[in-house]
Amino acid sequence: MHDTTALLVELGAVILGLGLIGRVAGRIGLSPIPLYLLAGLAFGHGGLIPLDASEEFTMVGAEIGVILLLLLLGLEYSASELVTSLKTQYPSGAVDFVLNATPGAVAALILGWGPVGAVALAGVTWISSSGVIAKVMTDLGRLGNRETPVILGVLVMEDLAMAVYLPLLTAMLAGVSLAGGSLALVIALGTVGFVLYLALRHGRLISRAVSSDNPEMLLLVVLGLTVLVAGVAQQLQVSAAVGAFLVGIALSGEVAEGARKLLTPLRDLFAAVFFVFFGLSTNPADIPPVLLPAAILAVVTVLTKIATGWYAARRAGIGSRGRWRAGGTLVARGEFSIVIAGLAVATEPRIGPLATGYVLILVIVGPLTARWTQPLAEKIQAMRGVKPGGGAVVETPPKAAPERRLGDHDELTPEHAGEARGD
């Protein structure tokens, strides 16, 4: 078969398959991410039907998928929201980092992966899945709950930390010296600070320069600017993903809203391609040997995420039930764990199978813990003779957390919010 013909046939089959997989996932109430990963495993090297003609195209599509994921993430926040989150949520963010990055780093060192592998796996276990969590909260009707701003605050801190973490990881993966890594980190911090300053002081001017009443022009300008900045950031060893994230932060108001609506379908398409590509690059035969460490790591980090949510909700003055709900909701890992593993797999190939198994477990377990952590905790308390909700502090209004402009599939808006419930 001619190369072009084979490319078209394979791409058509892959995209059609992704559409069918997404429909199946929606029917059973499951995130499509694990199914995308399984599809990639099935059609990658060592899978059932290896894809050869479209591999290079899929790799480029995967790069675009990462860029669009971070761009849309940046569009969800304004600079003022990020600054507010830093001021109010940093203790919870610090606890989140210590409790959830440490198990990954320790596991990597035990497995003999060295410092680079430790930093990469720490990120995999640290970052929760914003998309999966938003979908779960919507499905459970908890958008009006008192613990919801706390959950969003923790997610915002994680997303903002990615702007520092990714350049550091990229520099380590490139094998630069300590001085080079420090320089990359300084550049990243300076760039983030500069972009936040511009967005706070001159955000309207930037948005006005990009704005257009023509959707086609707006799409081309925002997408072109994002890819250009991502390429420059990659050249500076800051990470293309961070460059895209900063472009999203710099845009605000109607421009951000319009760009989000236009780019969400593209993000969904290329993000799905990214997950498939990650599966394609992982040999299915490498996963069974790491299932046990992946399962152990999953169990440990389920407990540490529950503890993180419990602490953050308690700090906001929320009662016992809300604390357990917050902890259980934060468990799911997904897109950004795979992004981090995808960056590291070229330097540490062993992280691919472990990250795949780990994410497959927690993207399925996450919705279950969100639903059952509170009832299970209350049942255990009842068995111990503790009254449910006992020991709760006197409630005060929770500290402000930024509202998030989530994508069409993850909408967190008042129209969809259920009746507010307090504990």
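Criteria and cut-off values
Residues numbered from 1 in each chain as written. Predicted model: local features only at pLDDT ≥ 70, side-chain atom pairs only at ≥ 80, totals over all residues. Heavy atoms only, no water. Helix = DSSP H or I, 4+ residues; strand = E, 2+ residues; numbered from the N terminus. Buried < 20%, exposed > 50% of the residue type's maximum accessible area, 1.4 Å probe, protein only. Contact = heavy atoms within 4.5 Å. Areas by Shrake-Rupley, 256 points an atom, 1.4 Å probe, with all protein chains shown as cover. Salt bridge = Lys/Arg side-chain N within 4 Å of Asp/Glu carboxyl O. Axes fitted to C-alpha atoms, helices over the stretch in contact; angles between N-to-C directions. Parallel < 35°, antiparallel > 145°, perpendicular 65-115°, else oblique. Patch = residues over 30% accessible without salt bridge, like charges linked within 9 Å, V, L, I, M, F, W, Y side chains within 5 Å. Phe/Tyr/Trp six-rings, centres within 6.5 Å; stacked < 30°, edge-to-face > 60°. pLDDT = per-residue confidence, 0-100. Core = buried A, V, L, I, M, F, W, Y, C linked by side-chain atoms within 4.5 Å. Expected span 1.5 Å × (residues − 1). Polar contact = N/O pair within 3.5 Å; in protein donor to acceptor, adjacent residues only side chain to side chain.

Undergrad: Sorry if this is basic, but what is going on with the overall build of the protein chain here?
TA: The secondary structure content of the protein chain amounts to 15 helices and 0 strands. Counting only residues that meet the buried cut, the protein chain has 51% of its 423 residues in that class. The contacts in the protein chain between residues at least 6 apart in sequence include a share of 84% that link residues at least 24 apart. Carbon and sulfur atoms form 68% of the exposed surface of the protein chain, whose accessible area is close to 18,700 Å².

Undergrad: Help me out: how do you make sense of the pattern of salt bridges in this one?
TA: A side chain with one charge can pair with a side chain of the opposite charge if their charged atoms come near. The tally for this structure, following the rule as stated, stands at 7 salt bridges. Glu147 is the salt-bridge partner of Arg325, the closest N and O atoms lying 2.8 Å from each other. Linking Arg325 in helix α13 (residues 320–329) with Glu147 in the loop between α6 (130–139) and α7 (148–173), this pair joins segments that are 178 residues apart in sequence. Glu147 carries the same exposure label as Arg325, and that label is buried. As a salt-bridge pair, Arg267 and Asp268 come within 3.0 Å of each other at their nearest N and O atoms. Each of the salt bridges in this network shares a partner with another, and the network as a whole consists of Asp96, Glu158 and Lys305.

Undergrad: Honestly, α6 in this entry has me stumped. Any pointers?
TA: Along an α-helix, residues three or four positions apart point the same way, because every turn accommodates 3.6 residues. Most of α6 is tucked away: 7 of the 10 residues are buried. Buried residues belonging to α6 abut α2 (33–43), α7, α13, α14 (335–344) and α15 (351–383). Gly141 lies just past α6 and shows a positive phi near 65°.

Undergrad: I would appreciate a short explanation of the packing of α6 against α7 in the present structure.
TA: The description of two helices packed together rests on the angle between their axes and the distance between the axes. Their axes nearest at 11 Å, the elements α6 and α7 cross at an angle of 170°. Comparing the axis directions of α6 and α7 gives the class roughly antiparallel. Along the contact surface, α6 presents Ser130, Ile133 and Met137, while α7 presents Thr148, Ile151, Leu152, Leu155 and Asp159.

Undergrad: Mind showing me how you'd approach a nonpolar patch on the surface here?
TA: A contiguous nonpolar surface patch, about 280 Å² in accessible area, is contributed by Leu292, Ile296 and Val300. Structurally, Ile296 can be placed in helix α12 (residues 291–315).

Undergrad: How should I be thinking about the packing of aromatic side chains in this particular structure?
TA: The geometry of two aromatic rings is summed up by the distance between their centres and the angle between their planes. Under the criterion given, the structure shown has 3 aromatic pairs. With centroids separated by 4.9 Å and ring planes inclined at 70°, the aromatic side chains of Phe97 and Trp126 adopt a geometry described as edge-to-face. Remark: Trp126 occurs in helix α5 (residues 114–126) and Phe97 occurs in helix α4 (residues 79–110); sequence separation between them is 29 residues. When its relative accessible area of 8% is taken as the criterion, Trp126 is described as buried.

Undergrad: Please explain the confidence of the model for the protein chain as it appears in this structure.
TA: Low-confidence regions, as indicated by low pLDDT, have predicted coordinates that should not be scrutinised in detail. Within the protein chain, residue pLDDT values average 79, and 84% of them lie at 70 or more. Here helix α8 (residues 178–210) stands out as the least confident element of the protein chain, with mean pLDDT 73; α12 is the most confident, with 95. Here residues 390–422 is a poorly scored stretch, pLDDT under 50, and it has 91 contacts once near neighbours within four places are set aside; other chains count.

Undergrad: How should the environment of Ala101 be read in this particular structure?
TA: With respect to the element layout, Ala101 can be found in helix α4. What makes Ala101 buried here is its relative accessible area of 6%. Taking the C-alpha atoms as reference points, Ala101 and Ala120, 19 residues apart in sequence, are found 9.5 Å from one another. Among residues more than four places away in sequence, those in contact with Ala101 are Asp96, Ala122, Thr125 and Trp126.

Undergrad: Before we go on, may I ask you to explain the environment of Phe245 in this structure?
TA: Summarising the element assignment, Phe245 is placed in helix α10 (residues 240–250). Overall, Phe245 belongs to the buried group, its relative accessible area being 2%. Taking the C-alpha atoms as reference points, Phe245 and Ala230, separated by 15 residues in sequence, lie 8.9 Å from one another. When neighbours within four sequence positions are excluded, Phe245 is seen to be in contact with Leu70, Leu71, Leu73, Gly74, Tyr77, Asp159 and Ala163.

Undergrad: How should the nonpolar core be read in this particular structure?
TA: Side chains that are nonpolar tend, in soluble globular proteins, to be buried together. Judged by nonpolar contacts, the single largest core of 106 residues is most densely connected at Leu70, Leu71 and Leu121. Counting residues per element, this core draws most heavily on helix α11 (residues 253–280), which supplies 14 residues. For Leu71, the contacting residues outside a window of four places in its chain are Val222, Thr226, Ala244, Phe245, Val247, Gly248 and Leu263.

Undergrad: Help me understand helix α1 (residues 3–28), please; the structure alone is not making it clear to me.
TA: With 26 residues, α1 should cover 38 Å at 1.5 Å per step; its first-to-last C-alpha distance of 37 Å lies within 8% of that length. Residues of α1 that are buried include every one of Ala6, Glu10, Leu11, Leu18, Ile21 and Ala25, and no others. At the C-terminal side of α1, Gly29 shows a positive phi close to 70°.

Undergrad: Would you take a moment to explain the environment of Lys305 for this structure?
TA: Within the secondary structure layout, Lys305 lies in helix α12. Taking the C-alpha atoms as reference points, Lys305 and Leu330, separated by 25 residues in sequence, lie 6.1 Å from one another. Residues contacting Lys305, with those up to four places away along its chain left out, are Asp96, Asn100, Trp126, Ser128, Glu158, Gly327, Leu330, Val331 and Arg333. Looking at Lys305, its side chain comes within polar contact range of the side chain of Asp96, at 2.8 Å.

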